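# Understanding the architecture of this molecule
These are the residues of each chain, in order.
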Amino acid sequence: MTSLRLAMDTAFWDLNVSSAQNLEGTARAVPGEAAPLGMARASRLLRPQQLSFLSRAFPLGLVPSFAPTPRKDLGSFAIQSLLLGPSSDRWWMGLVGQFRPRKLISNIKKEVTMGDELELPQFKDVAKHFLDKSLYALGLFSQISLTPETSLLFNVERHGDKTGQRAKAMLLHELPSHDVTIEAAWPELFLDSKGNYWDVPTSVSLDVTSLIPDTGLWYRFGLHKNSGQPEARNSSSTDIPLTLLPGVCAKAAVSYEKSMDFWREQEKSTRARNLVKKPAWISSYDERLEEPHATISGIIGGTYAAWFGDGNISNPKRRNQFHADFFGSLCYTIQHGKFKKDFNDLRRISARLDICSASAFMKGVSHLIFDTTKRQVDTEFNPLATPRLNVILQQQVAGPIVFSVDSRVSLVSPSGKHMPCVDDVMFGLSYSFRKLKSGKILAWFSPKRKESMVELRLFEF
């Protein structure tokens, strides 16, 4: 969960965060803003793949989610299910359906209370409410393996309570030491640090990323194009993030990561474990959490961006045509327990300090100095100027069940006052599966967004 690379990923347009606002189950983090919470980062599995597994854990294969809608009569509660899932060696398809029962229940209740007796015409009036298209949403997802190194993904979804449809296409190609991604979406859904959703009519990107090492040098570069005027989806805000305005951006980033253990209780080597097979009840519920340790790690890097386009015409704020900056994160993690026993065998705390923009931070320090000397400073508060402390607490409840709290603390309040405040928080309850080595079902809740959903996550902690 405490990936240091969030600081670098959030500078680009392809950082997925979990969201119950669409059938895809993800939205893109607005680039150039504070990194999202670690728990908010979306699962690496596509939503149909998750639902295929989750359907076995929920009655009738119905997976619940909560997300506010513009229409209050529809309610926040929704049920999702995988309706079809055919596949072959090089191709698979998934048809996902969603149903919002609140409006249907309210309408049926109203029909029943209005009539004195249950007659055939009344039954017909009740039945017609099931045909209300605003209650339903359908999504078609597909992946085709063109070659062993190249895959094409496509998905399209339509919601009965909205006009138009959402579509996305992605081409993935693996090189010996890089991954190449070409992606287009119309529209693309973005989530900003305030919890507001934005629809960008057209979003196209090309991204080249070096293969991620455990430590050391890592870099990525690419092109991105926005077209059309962004629209607020769940608010009346007119403060459009500058990075979502129309234009073309060329961006590159490089970082260096290093990690050091203060102490670690190492398990037997993989070879030794293969020679002597351990019973299932002896192994950890999650192999990534089987070693108690105390570790400090850090990342430092820089970004460079060049903008081309007229994104500043319709916005009073100015977007720098050329921009270079540095970022850095420092993380300390301590874990007790091996997550093998049924009780009191996992307690993990991670604290990460992020400086998203070194230039904004230095300006913030200078403004603070002027404030303390009681000099008047006429400047607008920059949210990136303050460091942010991300704290994650994980505690085993019983057996494979773990309760987590992921919070972000800002040293400056949104009004610009120099006082700590909780900027965001998420709560999670997970159930780990030994047979998946490092897999779990996670149910999370975000008070800031008033959203909740259930996901399947693999090799994430």
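For the structure, see preceding data.
From a predicted model like this one, the values you see are computed outputs, not experimental measurements.

For any pair of aromatic rings, the description rests on two quantities: the centre-to-centre distance and the angle between the ring planes. By the definition in use, this model includes seven aromatic pairs. Taking 5.1 Å as the distance between ring centres and 55° as the angle between the ring planes, the aromatic pair formed by Y285 and F339 counts as tilted. You can see Y285 sitting in the loop between α5 (270-275) and β16 (293-308) and its partner F339 sitting in the loop between β17 (322-336) and β18 (347-355), a full 54 residues away along the chain. Pair check on accessibility: Y285 and F339 agree, each one buried. Site record: aromatic cluster; members linked through ring pairs are F53, Y431 and F433. The residue whose ring lies beneath R5 is W218, and the NZ or CZ to ring-centre distance is 5.6 Å.

Among the residues of helix α2 (residues 47-54), those classed as buried are R47, P48, Q50, L51 and L54. For α2, the angular spread of buried residues about the axis comes to 155°, placing them on one side. For α2, the secondary structure elements touched by its buried residues are β3 (63-66), β4 (77-84), β5 (91-99), β6 (136-147), β22 (439-446) and β23 (451-458).

Our next topic: the sheet that holds strand β1 (residues 16-18). The five strands lie next to each other as β1-β2-β10-β11-β14, forming an open sheet whose pairing is mixed. Two strands lie at the open edges of the sheet, namely β1 and β14 (231-232), each paired on one side alone. With two bridges joining them, strand β2 (residues 26-29) and strand β10 (residues 188-191) adopt parallel strand pairing. Opposite R28, over in β10, you have F190 as the bridge partner.

For the rest of this paragraph, the subject is the pattern of salt bridges. Considering all chains together, one arrives at 23 salt bridges under this definition. A salt bridge links E257 to R5; its shortest N-O distance comes to 3.2 Å. A residue pair is termed long-range when its members are at least 10 positions apart, and E257 in strand β15 (residues 247-264) and R5 in the segment before α1 (6-9) qualify at 252 residues. Between K194 and D239 there is a salt bridge, with the nearest N and O atoms lying 3.5 Å from each other. Here K194 is found in the loop between β10 and β11 (197-200), whereas its partner D239 is found in the loop between β14 and β15, with 45 residues between them in sequence.

All right, on to the side chain of S350 then. Mapped onto the elements, S350 comes out in strand β18. Using a relative accessible area of 2% as the deciding quantity, one classes S350 as buried. Within the structure, the side chain of S350 is placed 3.2 Å from the side chain of T333, a separation counted as a polar contact.

Mapped onto the fold, L15 is located in the loop between α1 and β1. For the pair formed by L15 and A27, sequence separation is twelve residues and the distance between their alpha carbons is 8.2 Å. Leaving out residues up to four positions away in the same chain, L15 has contacts with L6, D9, T10, A27, R28, A29, P36 and R41.

Inspection of every chain in the model, using the stated rule, returns six cavities of 30 Å³ or more. Its volume calculated, the largest cavity comes out at about 190 Å³. Taken together, 18 residues make up the lining of the largest cavity; nearest its centre are P36, L191, D192, S193 and D424. Tallied by class, the residues present in the lining of the largest cavity amount to nine nonpolar, two polar and seven charged. Size it by volume and the second largest cavity reaches roughly 110 Å³. Considering the residues around the second largest cavity, the lining is formed by 16 residues, among which Q98, R100, H159, D161 and K162 are closest to the centre. Taken together, the residues of the lining of the second largest cavity break down into seven nonpolar, five polar and four charged.

Further remarks concern the pairing of β16. Counting buried positions along β16 gives twelve out of 16 residues, so the element sits mostly inside the fold. With 16 bridges connecting them, β15 and β16 associate as antiparallel partners. The partner of S255 across the bridge, within β16, is G301. As defined by bridge partners, β16 adjoins β17 across 14 bridges and the pair is classed as antiparallel. Note that in β17 the partner of G298 across the bridge is L330.

The next point concerns a nonpolar patch on the surface. A cluster of nonpolar side chains, namely W91, I144, L146, L152, L171, I182, L206 and L223, defines an oily patch on the protein surface of about 620 Å² accessible area. Summarising the element assignment, L146 is placed in strand β6. According to the relative accessible area criterion, L146 is partly exposed, its value standing at 43%.

What counts, and where the lines are drawn
- Residues numbered from 1 in each chain as written.
- Predicted model: local features only at pLDDT ≥ 70, side-chain atom pairs only at ≥ 80, totals over all residues.
- Heavy atoms only, no water.
- Phe/Tyr/Trp six-rings, centres within 6.5 Å; stacked < 30°, edge-to-face > 60°.
- Helix = DSSP H or I, 4+ residues; strand = E, 2+ residues; numbered from the N terminus.
- Buried < 20%, exposed > 50% of the residue type's maximum accessible area, 1.4 Å probe, protein only.
- Lys NZ or Arg CZ within 6 Å of the ring centre and 35° of its normal.
- Arc of directions from axis to C-beta.
- Contact = heavy atoms within 4.5 Å.
- Pairing = 2+ DSSP bridges.
- Salt bridge = Lys/Arg side-chain N within 4 Å of Asp/Glu carboxyl O.
- Polar contact = N/O pair within 3.5 Å; in protein donor to acceptor, adjacent residues only side chain to side chain.
- 1 Å grid on protein atoms, 1.4 Å probe; cavity = no way out; pocket = protein on both sides within 12 Å on 5 of 7 lines; lining within 4 Å.
- Points joined across faces, edges and corners; volume = space filled by probe spheres on them.
- Nonpolar A, V, L, I, M, F, W, Y, C, P; charged D, E, K, R; others polar.
- Patch = residues over 30% accessible without salt bridge, like charges linked within 9 Å, V, L, I, M, F, W, Y side chains within 5 Å.
- Areas by Shrake-Rupley, 256 points an atom, 1.4 Å probe, with all protein chains shown as cover.

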